[in-house]
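# Coordinate inspection notes
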There are 4 protein chains.
Amino acid sequence: MVDRAYALFEEQQQARGIDLNVVKEKLKSLKIETPSWGYGDSGTRFKVFQKEGVPRTPFEKFEDAAQVHAVTGLAPSVAIHIPWDKVEDYGKLRSHAESLGLSIGAVNPNLFQEDEYMLGSVTNADAKVRQKATAHLLECVDIAKETGSRDLSLWFADGTNYPGQGHIRQRKTWMLESLTTMYQAMTPEMRMLIEYKCFEPAFYHTDIADWGMAYNLAQKLGPQAEVLVDTGHHLQGANIEHIVAYLLDEKRLGGFHFNSRKYADDDLIVGTVNPYELYLIFYQILDAARAQDAAIRQNVEQIAYMIDQSHNIEAKIPAMLRSVLNVQTQFAKALLINHEEVAEAANRNDVLAAEHAVRRPFEFDVTPLLVAIREEQGLPADPMQAYLNSSYGKNILVRGKGGASW
Amino acid sequence: MVDRAYALFEEQQQARGIDLNVVKEKLKSLKIETPSWGYGDSGTRFKVFQKEGVPRTPFEKFEDAAQVHAVTGLAPSVAIHIPWDKVEDYGKLRSHAESLGLSIGAVNPNLFQEDEYMLGSVTNADAKVRQKATAHLLECVDIAKETGSRDLSLWFADGTNYPGQGHIRQRKTWMLESLTTMYQAMTPEMRMLIEYKCFEPAFYHTDIADWGMAYNLAQKLGPQAEVLVDTGHHLQGANIEHIVAYLLDEKRLGGFHFNSRKYADDDLIVGTVNPYELYLIFYQILDAARAQDAAIRQNVEQIAYMIDQSHNIEAKIPAMLRSVLNVQTQFAKALLINHEEVAEAANRNDVLAAEHAVRRPFEFDVTPLLVAIREEQGLPADPMQAYLNSSYGKNILVRGKGGASW
Amino acid sequence: MVDRAYALFEEQQQARGIDLNVVKEKLKSLKIETPSWGYGDSGTRFKVFQKEGVPRTPFEKFEDAAQVHAVTGLAPSVAIHIPWDKVEDYGKLRSHAESLGLSIGAVNPNLFQEDEYMLGSVTNADAKVRQKATAHLLECVDIAKETGSRDLSLWFADGTNYPGQGHIRQRKTWMLESLTTMYQAMTPEMRMLIEYKCFEPAFYHTDIADWGMAYNLAQKLGPQAEVLVDTGHHLQGANIEHIVAYLLDEKRLGGFHFNSRKYADDDLIVGTVNPYELYLIFYQILDAARAQDAAIRQNVEQIAYMIDQSHNIEAKIPAMLRSVLNVQTQFAKALLINHEEVAEAANRNDVLAAEHAVRRPFEFDVTPLLVAIREEQGLPADPMQAYLNSSYGKNILVRGKGGASW
Amino acid sequence: MVDRAYALFEEQQQARGIDLNVVKEKLKSLKIETPSWGYGDSGTRFKVFQKEGVPRTPFEKFEDAAQVHAVTGLAPSVAIHIPWDKVEDYGKLRSHAESLGLSIGAVNPNLFQEDEYMLGSVTNADAKVRQKATAHLLECVDIAKETGSRDLSLWFADGTNYPGQGHIRQRKTWMLESLTTMYQAMTPEMRMLIEYKCFEPAFYHTDIADWGMAYNLAQKLGPQAEVLVDTGHHLQGANIEHIVAYLLDEKRLGGFHFNSRKYADDDLIVGTVNPYELYLIFYQILDAARAQDAAIRQNVEQIAYMIDQSHNIEAKIPAMLRSVLNVQTQFAKALLINHEEVAEAANRNDVLAAEHAVRRPFEFDVTPLLVAIREEQGLPADPMQAYLNSSYGKNILVRGKGGASW
């Protein structure tokens, strides 16, 4: 059945002018970074449920992550969070990762869990706190040197809960100061990815509240600073793919933190609330990959695709598997868009045909295609089932409860 | 200056046809319940900052609450949360409260912090979990008997994060079953207040998601079941005062959990984001207090005004003081509305005059009025300053960090 | 290729335990009502663009609607709007419809386009206006008798723009009074479908603002009153499928006005913004179709599926074709859900497996299935292409511009 | 009473360290531009209700606007919309305005009401349409020269309803091209104010969707391009005062279109939904007016305060009066903020005191202050009453219905 399915799929796509060899090549090049913290416990302010088998150390997190990569071939790097993943010897962590077939991905400073940061870290009115926060950023640059990480991924919880609590413009200046210091410490190969978020944990104003503020910072800092789009960090109704296209056109899209949301920053598994949105994001990216401007195309090449989710109730490793598979699925579908067909319809003002040309590939079942590339890559046809069939999930139960959490 | 201010205020209001004696009487009858948990530490999923001096026991929470009542005369009762406020001897807690001039208010069951409740409490697919949850509800009825509490205040975190995770209609049935059991255990003097919430901690569906679901439950349960409106539990744009008016017209408004929100369920201090909304809620209540239907007027009399906030970064006792004072302020302003003036303008289709008749009293500074009633009640003119001038805040620092939290 | 595709699809579904014969039968029974006004010009407050070829009379609207039904077999009835579709002789309109293979569907009163209704129709403070509005409702009952319509579909623009402009509780009473009068005039075969909307054109409060208010009205009126869910009439974040499941459990779901929205009541083509939401709605309906309670199953049978969109920039007939096809597609996908598989996963608390059991069928490409039933029904395999290949679209251009609009 | 009220108010403010002479001077310098179209009929897509007495010509609009200025002293300029206010001789219109004590304010091109613009004006895929649209922009520059207008106020309805309908990045380029052409035609005294809007009338993507896109355009164009903030053009939850502070810090805040919204772009009277938000906007502006950076202070000086509302159901002239008075009221309150008090509290991390320092002045009744400056300016103490007492409103009824609308 599998072979017939693929043959039929290929025939179908050929008829649409889609060359599956090209599609397959792009599919095989897709890399999605998983976050070390996604393997640990997380929750809401109401409760963090503890799961048995959750990794107890950064080393165990990499072991779990290796499982995701082993069956999917999609997740060769793992983002770390400092100090959650602080170790004495990063060389050792790096060797551990490499021994598992992984690399260490983005380094994420953490500036929201110490008492001093209650009213801000790099935007705190107290210069000592700002210095401490900036020192942590510099520490993370150093760690990135040791881990061989290209990206420093910055999210700030900084903001205020009430008018008057902090001085908005002053804080804006302090943010730039701190990031400038960090920027100057980076090696030429490094990138600073600046994340924005509309609210939470700050409930009045957030210092970097939207893409415009992150982008403006990046522009002031220099070419190694780019914007990081977390799909859950927008106000209701925001057109994320528009922002993505916009940033690509400005060559400032650093990467993604993928997850799903129905309400606020729900941090659900990517692709479970509105999979079409994820598909449309890839549509914009693939459109930009065809841009005449080489700099835009280069930006596309350097996008960091990363998962950032809270698996509050889900089994962690399967949740991560589902996440990278969902991204792969929507990416595969988007690769079937015939851009000429869209353009041709749009150019004759045929709104319905243009919309259909974009949406139709979303309706294709790409399973035959995914099975085919997995076979070609020596991967299991059904990665989730392969993982569940393994004994790994049971074996780690000996870790007990009370492992890593954030 | 104070006397001249009041004289002028009185003159001004008389000219508008407002009898300040009536206003004062109503103002003096305002009672706002504060929640025991509002005196403890709280936070977001990112961090719970610990404050020095936070109460370590339910008894200390009442001592803090007594401070709020002592300087405002507004907060004579305190809601408790079980098991956060579980004590061996509720009679002793009640005596303690009474010795402080307080009574024990609504009893709040907690069905979201035990591992079994990860996938639901009264709507869990496992009958044993549902029984355990229902048993806790019955325990709370028993506690309410001991504490002399009229109200059982129910909020359920129950819901799902993903389609398919739970069966929506079955869970609806289970919810009704459990509440029916609880309802039947209540004494005739008790009321069941059913709270609703659009989301969080559940991110796909919440079993009691909006006022309509809470109201429908209340109708099925009987006359002692009413709806509890938490001002932070609505989707963006919801007209809360419309819901309030609607529930009053149906004689099913049990009470409020007051707080402010700009984004989601931010649980900020009431009256700090859009104070006009709070005023408009009181406008609807005071309008209903003039209804011809005696049952509506009776509903108004029995509304439980309660604070429900998370003081993540604020000093707890001052935060609570500010909260009850903000409620008092908006209530005082709403008492200055001349309902005949509104009706007269509306009846001649003068939209602008009607709007102005509602909004104008919001612009009055009611400080002279509040100072006057405080003086008449033997309370400090400036309750916040009176508290800050006292040594209480410093004395409790000996409690250290690590007190109660949720 | 078509045959092989179907064979493969059938094999695949059989392996999942899905009997395609059952699926096909249900698919063939799907009926979607299109609205007469969807064939005319519409727009935003900024501009109504006029299209050539738009129907000039109710008779021409039915002719256009017949095209949609002819190629899809999905749209045998057409909703009418009074007075937009007012004719001297409804028997003649009915005959015209029947001669085209159509029937007249829901009758929609219009109570928002006359000057008297500026401040409300059935909730206007002026008794004469309320009487006029109620008389129009009664007129529509009479029309429904002539047209043989089962459903009276009620949407009220009534509401206020400012606090004080109208008396919320009084208006609530007037609404019930008017609907009671109408209800009593209905024949036992008729149904009153009560629509709700959160806002627009009223921007402060809307008299029937949410499902809870519509449902409460229906309960007071009697068993022939049900709730009409317009998918674009909710606040951001509302879980529509939850509301659908809830109403089915209460046996009060009258039907749908399908359309898509990204922001407010955008009235875009159904299935173009978040097709997964439409699928999840059908999931709840199909789940209810399996309920033990026969009354719930009967409610499912009587759901009126209707399109309600504004084709501001689209070609009207193709837009309607796309709409009914999108509904059919998602319905077809939802029919592939294996409910036992979902239940089994949910019962063993496997959140991820349950979610996947619901979502996986959404990924299937149902084209082979749809082509198969079209062939069996003697319909074109590609209805859109069939219509575009016909000369109808060109022929109606003689109508010129300036046809029907709302 | 008036004198005593002012004396008391002055005493009160002096005690707070507020110098009323400074406050009065700033209050007297407040100028709010009213829009010509705000005197005409407007509505929703459902209905434009026609009012008697609505101006029939641009000249009559200025006559109505003169009434607003005559009684308030606040509204000396009037924005015009081309072609709604197209006249043969702009010199004549200007003379007419001046004879009424008015000047012609911002010139607003209209690029959304011609058939060619259905799929975009300056971002249309058709070069001829783009050229026509750009020509209109140039025409408006010419008109501004004739009218002596400093500001060109640009709002584009351009956007798409469906993915694929238009090419997002190409349209971005075309937008910049067109604005560059316009920018180069402007005299050195002119300013281009670029407005953004999240949605409506476009329901998928809007070419200038948020402040970041408008700001980025302004940066590319040059120092005469600035951002225009319409208070109703944001997604729910957006912190508008944060955006205002941000733009001031970047010296790119061109001005405001004031109005209120509860849901979408409701265009209600400013200050009627959340007056505190308007106050907080002025708080940020007044804070920036104290900035060390002279360029920021200069930006504050040049902010254009403009009304942009749809008076769908209100009497037009009184609606405009209410609007400018509401702005004046909140500006007056914000002038009472003691910025040192806020800073002092914030600097000692007293969140509650800082919040209170910002919010407390909002509670003052500024009527005595406003009456005082009106008296000093020779204006009626109650401008609304003065207007209503005049015969103007009755006299214009001879204009009948069917006047200007948009």
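Cut-off values and rules
- Residues numbered from 1 in each chain as written.
- Chains lettered and ligands numbered in written order.
- Predicted model: local features only at pLDDT ≥ 70, side-chain atom pairs only at ≥ 80, totals over all residues.
- Heavy atoms only, no water.
- Helix = DSSP H or I, 4+ residues; strand = E, 2+ residues; numbered from the N terminus.
- Rg over C-alpha atoms; globule rule 2.2 N^0.38 Å.
- Buried < 20%, exposed > 50% of the residue type's maximum accessible area, 1.4 Å probe, protein only.
- Lys, Arg positive; Asp, Glu negative; His and termini not counted.
- Charge placed at Lys NZ, Arg CZ, Asp CG, Glu CD.
- Contact = heavy atoms within 4.5 Å.
- Buried area = accessible area lost by both parts, 1.4 Å probe.
- Salt bridge = Lys/Arg side-chain N within 4 Å of Asp/Glu carboxyl O.
- Polar contact = N/O pair within 3.5 Å; in protein donor to acceptor, adjacent residues only side chain to side chain.
- Nonpolar A, V, L, I, M, F, W, Y, C, P; charged D, E, K, R; others polar.
- Expected span 1.5 Å × (residues − 1).
- Arc of directions from axis to C-beta.
- Pairing = 2+ DSSP bridges.
- Right-handed = clockwise from strand over helix to strand, strands pointing away.
- Phe/Tyr/Trp six-rings, centres within 6.5 Å; stacked < 30°, edge-to-face > 60°.
- Least-squares fit on C-alpha atoms with pLDDT ≥ 70 in both.
- UniProt positions renumbered as here; feature names shortened; annotations may be inferred.

Now for the overall build of chain A. Per the secondary structure count, chain A includes 16 helices and 10 strands. Computed over its C-alpha atoms, the radius of gyration of chain A comes to 21 Å, within 12% of the 22 Å expected for a compact globule of 406 residues. Taken along its principal axes, the extent of the C-alpha atoms in chain A is 65 × 55 × 40 Å. Here chain A, with 406 residues, has 70% of them falling under the buried criterion. When the 41 basic and 54 acidic side-chain charges of chain A are each reduced to a single mean position, those positions are 2 Å apart.

Residue-level contacts link 41 residues of chain C with 41 residues of chain D. Between chain C and chain D, roughly 3,900 Å² of surface is buried when both sides are summed, and carbon and sulfur atoms account for 62% of that area. Of all residues in chain C, Arg45(C), Phe46(C) and Tyr162(C) bury the most surface against chain D, accounting for 23% of the area lost on that side. Inspection of the chain C/chain D interface yields 10 salt bridges. On the surface where chain C and chain D come into contact, there are 20 residue pairs in polar contact (both at pLDDT 80 or more). Partitioned by chemical class, the residues of the side of chain C that touches chain D number 20 nonpolar, eight polar and 13 charged.

What follows covers helix α5 (residues 127-147) of chain C. Residues and elements named next belong to chain C. End to end, α5 covers 30 Å across 21 residues, agreeing with the expected 30 Å (1.5 Å per residue, within 8%). Turning to α5, its buried residues number three or more, namely Val129, Arg130, Ala133, Thr134, His136, Leu137, Cys140, Val141, Ile143, Ala144 and Thr147. With its buried residues spanning 165° around the axis, α5 presents them on a single face. Of the exposed residues in α5, the ones pointing more than 90 degrees away from its buried face are Lys128 and Gln131. Residues of α5 that are buried in the fold lie against β2 (77-82), α4 (90-99), β3 (103-109), β4 (151-154) and α6 (168-185). A positive backbone phi angle near 75° is found at Gly148, which sits one or two residues after α5.

Our next topic: the pairing of strand β8 (residues 225-230) of chain C. Taken residue by residue, a regular strand's side chains alternate between the two faces of the sheet. Residues and elements named next belong to chain C. For β8, the buried fraction is high: six of the six residues fall into the buried class. Sheet analysis places strand β6 (residues 191-195) next to β8, joined by four bridges and oriented parallel. Paired with Leu193 across the strands is Glu226, a residue of β8. Looking at chain direction, β8 and strand β9 (residues 253-258) are connected through four bridges and run parallel. Bridging across to β9, Leu228 finds its partner in Gly255. Running through helix α8 (residues 240-249), the crossover from β8 to the neighbouring parallel element β9 is right-handed.

For the coordinates displayed, the defined rule picks out 78 aromatic pairs over all chains. Taking the centre distance of 5.8 Å and the plane angle of 65° together, the rings of Phe362(A) and Phe362(C) count as edge-to-face. You can see Phe362(A) sitting in helix α13 (residues 351-363) and its partner Phe362(C) sitting in helix α13 (residues 351-363), one on each of two chains. The two residues Phe362(A) and Phe362(C) agree in class, both being buried. Ring centres of Trp37(D) and Trp84(D) lie 6.5 Å apart, and the angle between their planes is 65°; this geometry places the pair in the edge-to-face category. In this pair, Trp37(D) sits in the loop between β1 (32-35) and α3 (58-72) while Trp84(D) sits in the loop between β2 (77-82) and α4 (90-99), placing the two residues 47 residues apart along the sequence.

So, about the side chain of Arg16(C). Note on placement: Arg16(C) falls in the loop between α1 (2-15) and α2 (20-28). Not counting residues up to four positions away in its chain, the partners in contact with Arg16(C) are Leu336(C), Asn338(C), Glu341(C), Pro361(C) and Phe364(C).

Note on the identical chains: chain D maps onto chain A by a rotation of 180° and an axial translation of 0.0 Å, with an RMSD of 0.0 Å. Read as a symmetry element, the transformation amounts to a two-fold axis. Nearest to the rotation axis, the C-alpha of Gly212(D) is located 2.2 Å from it, this being the minimum over chain D. Comparing contact sets, 100% of the residues at the interface of chain D also lie at the interface in chain A, consistent with an isologous, same-surface contact.

Before going further, it helps to examine the environment of Lys197(C). Positionally, Lys197(C) belongs in the loop between β6 and β7 (205-206). Taking the C-alpha atoms as reference points, Lys197(C) and Gly232(C), 35 residues apart in sequence, are found 8.2 Å from one another. Other than its neighbours up to four places away in sequence, Lys197(C) contacts Trp155(C), Thr206(C), Ile208(C), Ala209(C), His233(C), Asp265(C), Arg45(D) and Phe46(D). A distance of 2.7 Å separates the side chain of Lys197(C) from the side chain of Glu200(C), its partner in a polar contact.

All right, on to the side chain of Arg360(D) then. Relative to the elements of secondary structure, Arg360(D) occurs in helix α13 (residues 351-363). Setting aside residues no more than four positions away along its own chain, Arg360(D) makes contact with Asp365(B), Thr367(B) and Gln12(D).

Under the definition given, this model contains 148 salt bridges over all chains. Taking the shortest distance from any N to any O, the salt bridge between Asp265(C) and Lys197(C) comes out at 2.9 Å. Pair noted here: Asp265(C) is in the loop between β9 and α9 (275-288) and Lys197(C) is in the loop between β6 and β7, with a separation of 68 residues, a long-range link. Residues joined by salt bridges that share partners form a network here, namely Arg169(A), Lys172(A), Lys220(A), Asp249(D), Glu250(D) and Asp287(D).

Further remarks concern the UniProt feature "domain: Xylose isomerase-like TIM barrel" (unreviewed entry) in chain A. Within this structure's numbering, the places UniProt gives as "domain: Xylose isomerase-like TIM barrel" (unreviewed entry) are residues 90-266 of chain A. The distance from the first to the last C-alpha atom of residues 90-266 of chain A is 32 Å, and the span holds 40% helix and 18% strand.

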